[in-house]
Amino acid sequence: MIAGAMTTDIFLWMGRIHRFDGVNAKLEDNFQQLESIIDEHLEPHRPRPEFEDFVDILLRLQKDLGQSISFGRDQIKGILTDIFIAGTDASSSTIVWAMTTWLCPQNVVFVSWIKVTVAWKKMAGE
């Protein structure tokens with residue numbers, strides 16, 4: 001849903017239509033689910049893993065008053081949300097690229113491969 005194509009990606013002026021077709025509600029629901037998952041990991045009484053993970057480090061830095069910067073729970077949630085979305089967006093972009101390559105005619109792929117190989121050899125000085 002986050003990485004999918006929407007009408008407003010092409011036609012910016014149609015942004016209001018998502019209020020009526022349910023896209024805004026689906027996005028809001030997705031973010032509410034993501035927020036509840038992150039809240040579970042930020043619980044102070046959660047079981048501690050054997051080794052300190054990224055969330056533990058962020059919580060420890062939040063409690064450390066000697067830091068030159070301070071951040072709260074909302075900033076930690078923002079960091080974790082950015083990391084999660086970045087990982088899923090990169091994966092979906094890779095899948096879209098691979099599927100597009102498979103759908104491309106093979107002669108176009110072969111010609112492109114030859115061009116890349118020639119350019120690479122020129123850069124390497126061969």
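Now for a look at the structure at hand.

What counts and what doesn't
- Residues numbered from 1 in each chain as written.
- Predicted model: local features only at pLDDT ≥ 70, side-chain atom pairs only at ≥ 80, totals over all residues.
- Heavy atoms only, no water.
- Axes fitted to C-alpha atoms, helices over the stretch in contact; angles between N-to-C directions.
- Helix = DSSP H or I, 4+ residues; strand = E, 2+ residues; numbered from the N terminus.
- Parallel < 35°, antiparallel > 145°, perpendicular 65-115°, else oblique.
- Left-handed = near helix turned anticlockwise from the far one by under 90°.
- Contact = heavy atoms within 4.5 Å.
- Nonpolar A, V, L, I, M, F, W, Y, C, P; charged D, E, K, R; others polar.
- Buried < 20%, exposed > 50% of the residue type's maximum accessible area, 1.4 Å probe, protein only.
- Polar contact = N/O pair within 3.5 Å; in protein donor to acceptor, adjacent residues only side chain to side chain.

Next up on the list: the packing of helix α4 (residues 54–63) against helix α5 (residues 73–103). In the contact formed by α4 and α5, the axes pass within 10 Å of each other and the chain directions differ by 155 degrees. Viewed along their axes, α4 and α5 adopt a mutual orientation that is roughly antiparallel. Judged by the twist between their axes, the crossing of α4 over α5 is right-handed. Contacts from F54, V55, L58, L59 and Q62 in α4 reach R73, I76, I79, L80 and I83 in α5. Grouping the constituent residues of the contact of α4 with α5 by class yields 8 nonpolar, 1 polar and 1 charged.

Once that is clear, we can look at the side chain of K77. Mapping K77 onto the fold places it in helix α5. Residue classification places K77 among the buried positions, given a relative accessible area of 12%. Polar side-chain contacts of K77 include one of 3.3 Å to the side chain of D39. Discounting residues that sit within four places of it in the chain, K77 has contacts with E35, I38, D39 and L42.

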